[in-house]
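Summary of the model geometry
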Amino acid sequence: MNRRIRVREVRLIDHNGTNHGVVPTNQALQMAEDAELDLVEVAPNAKPPVCRIMDYGKFAYEKTKREREARKLQKQIEIKTLRLTPRTSDFHRDVYVNKAKKWLEEGKKVKFQVRFKAREITYPEIGQQTLEEIAEELGEISEVEQAPKLEGWSMTLLLNPTG
């Protein structure tokens, strides 16, 4: 920006958008000062670099404003986690399935996690069967993003909402 531009010549675009072609940097700086604006390097990797005459403060403000608006419009995907054990009763499992249904309908991802304790880890098929049954029950409103997978002492299933 302004005096920090160290090249001899720049391709200049003035504040009205008019292309002045390749101009010596000193002349470009003089034109920017005459217009009471800043000379900003827009494309430093071009040969010669492209500079624009603009109000840098206003440009920076509008840029941060656009970024803030973009962040507002971004959709945050929330992952809800439900922890079970291989010995979780059918009643409690149904309670968890109903909670998951509600969250999937709200558009949230749901992660079921079966935690194994002590010797339960020797029977991972019990946890896998439980998770497959849950995936089948919620199959109408969700799709499986990650199939039941054993990671250390826990097995996880990740469900995505459909539609």
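Just above, that's the structure.
For clarity, every value in this text was computed on a predicted model and none was experimentally measured.

Considerations on the side chain of Thr 156
Among the structural elements, Thr 156 can be located in strand 8 (residues 154-161). Only 3.3 Å separates the side chain of Thr 156 from the side chain of Gln 146, close enough to count as a polar contact. When neighbours within four sequence positions are excluded, Thr 156 is seen to be in contact with Lys 111, Phe 112, Gln 113, Leu 131, Gln 146, Ala 147, Pro 148, Lys 149 and Glu 151.

So, the pattern of salt bridges
If you walk through the whole model with that rule in mind, you get nine salt bridges. Linking Lys 72 and Glu 69 is a salt bridge whose minimum nitrogen-to-oxygen distance equals 3.8 Å. Of this pair, Lys 72 and Glu 69 both sit in helix 2 (residues 56-73), separated by three residues, roughly a single helical turn. The shortest N-O distance in the salt bridge between Lys 109 and Glu 145 comes to 3.0 Å. Separated by 36 residues along the polypeptide, Lys 109 in strand 6 (residues 109-115) and Glu 145 in strand 7 (residues 142-151) bring together distant segments of the chain. Overall, the relative accessible area of 16% leaves Lys 109 in the buried class. By relative accessible area, Glu 145 is classed as partly exposed at 40%. Through salt bridges with shared partners, one network takes in Glu 78, Lys 80, Glu 106 and Lys 108.

Quick look at the pairing of strand 8
When you tally the buried positions in strand 8, you get seven out of eight residues, the bulk of the element. Across six bridges, the pairing between strand 6 and strand 8 is antiparallel. The partner of Arg 115 across the bridge, within strand 8, is Ser 154. Relative to strand 8, strand 7 runs antiparallel, the two sharing seven bridges. Pairing of Leu 150 across the sheet is with Met 155, part of strand 8. Connecting strand 7 to the next strand, strand 8, in antiparallel fashion are two residues, including Gly 152 with a positive phi near 65°.

Quick word on helix 4 (residues 124-137)
If you check helix 4, its first and last C-alpha atoms are 20 Å apart, about what 14 residues at 1.5 Å a residue would give, namely 20 Å. Of all the residues in helix 4, the buried ones are Gly 127, Thr 130, Leu 131, Ile 134 and Ala 135. The buried residues of helix 4 occupy an angular sector of 135° when projected down its axis, which confines them to one face. In this structure, the buried residues of helix 4 make contact with strand 5 (79-84), helix 3 (90-105), strand 6, strand 7 and strand 8.

The rules behind each value
- Residues numbered from 1 in each chain as written.
- Predicted model: local features only at pLDDT ≥ 70, side-chain atom pairs only at ≥ 80, totals over all residues.
- Heavy atoms only, no water.
- Helix = DSSP H or I, 4+ residues; strand = E, 2+ residues; numbered from the N terminus.
- Polar contact = N/O pair within 3.5 Å; in protein donor to acceptor, adjacent residues only side chain to side chain.
- Contact = heavy atoms within 4.5 Å.
- Salt bridge = Lys/Arg side-chain N within 4 Å of Asp/Glu carboxyl O.
- Buried < 20%, exposed > 50% of the residue type's maximum accessible area, 1.4 Å probe, protein only.
- Pairing = 2+ DSSP bridges.
- Expected span 1.5 Å × (residues − 1).
- Arc of directions from axis to C-beta.

Interpretation in functional terms is not warranted from these geometric data alone.
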